[in-house]
Amino acid sequence: MSLASEREPLGINGTLIWYYFICKREVWLMARQLNPDEHDENLEWGRFLHEWRYAREKKELSFQNVRLDIAGERDGKLVVAEVKKSSKYRKSAEMQLLFYLWKLREAGVEAVGELRFPEEKRRENIQLDDVSVEKLKAVVSDIRRIVAAVVPPKAEKIGFCKNCAYREFCWA
Ligand code: SF4
């Protein structure tokens, strides 16, 4: 795996938004499709989330390569649920869900979000507003800047590194 990739970066997606608030170096690596290990269970959040999906709510919405749980309707708006194992990375989870709400709005679907932390028996309502749209625009623009760079941001040791799929690459 080379450090400077010639490949075109992927479009901005919810996963990149999630990692943006964890590690900007990982955003670069993921966007450049430098996949260290396809089988690393820490990398594929989709698979991870599947385990935590509420069994009784089978309704799903496929949208821009993500599957969102539809948890019903509230005040005429779709309720989109995102299930996370813990609230440790709550900020990432919130911004990722807001990003999906924003993209849904752009596609003409008004929705509200619900973050679920089943292990903590906790739910949180997430509402897209003008402030969050402005924040998302700034994040998307910064991700574009990060991804356009020839080399990734420097590695910085954080708690997430020990579970990160790129740990060997960054710290070997
Ligand atoms: S190992 Fe640490 S520094 Fe490297 S990409 Fe993962 S979180 Fe970022």
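Preceding this section is the structure that the text describes.
Residues numbered from 1 in each chain as written. Predicted model: local features only at pLDDT ≥ 70, side-chain atom pairs only at ≥ 80, totals over all residues. Heavy atoms only, no water.

**Re the overall build of the chain**
So, point 1. Helix and strand counts for the chain come out as six helices and five strands.
So, point 2. Across the chain, helices and strands are ordered from the amino to the carboxyl terminus as α-α-α-β-β-β-α-β-β-α-α.
So, point 3. Summed over all atoms, the accessible surface of the chain reaches about 9800 Å², with 49% contributed by carbon and sulfur. (Helix = DSSP H or I, 4+ residues; strand = E, 2+ residues; numbered from the N terminus. Areas by Shrake-Rupley, 256 points an atom, 1.4 Å probe, with all protein chains shown as cover.)

**A word on helix α2 (residues 24–31)**
So, point 1. In terms of burial, α2 is a largely internal element, seven of the eight residues being buried.
So, point 2. The set of residues buried in α2 consists of R25, E26, V27, W28, L29, M30 and A31.
So, point 3. Each element contacted by the buried residues of α2 is listed here: α1 (14–20), α5 (130–148) and α6 (167–171).
So, point 4. Residue Q33 follows α2 closely and has a positive phi angle near 60 degrees. (Buried < 20%, exposed > 50% of the residue type's maximum accessible area, 1.4 Å probe, protein only. Contact = heavy atoms within 4.5 Å.)

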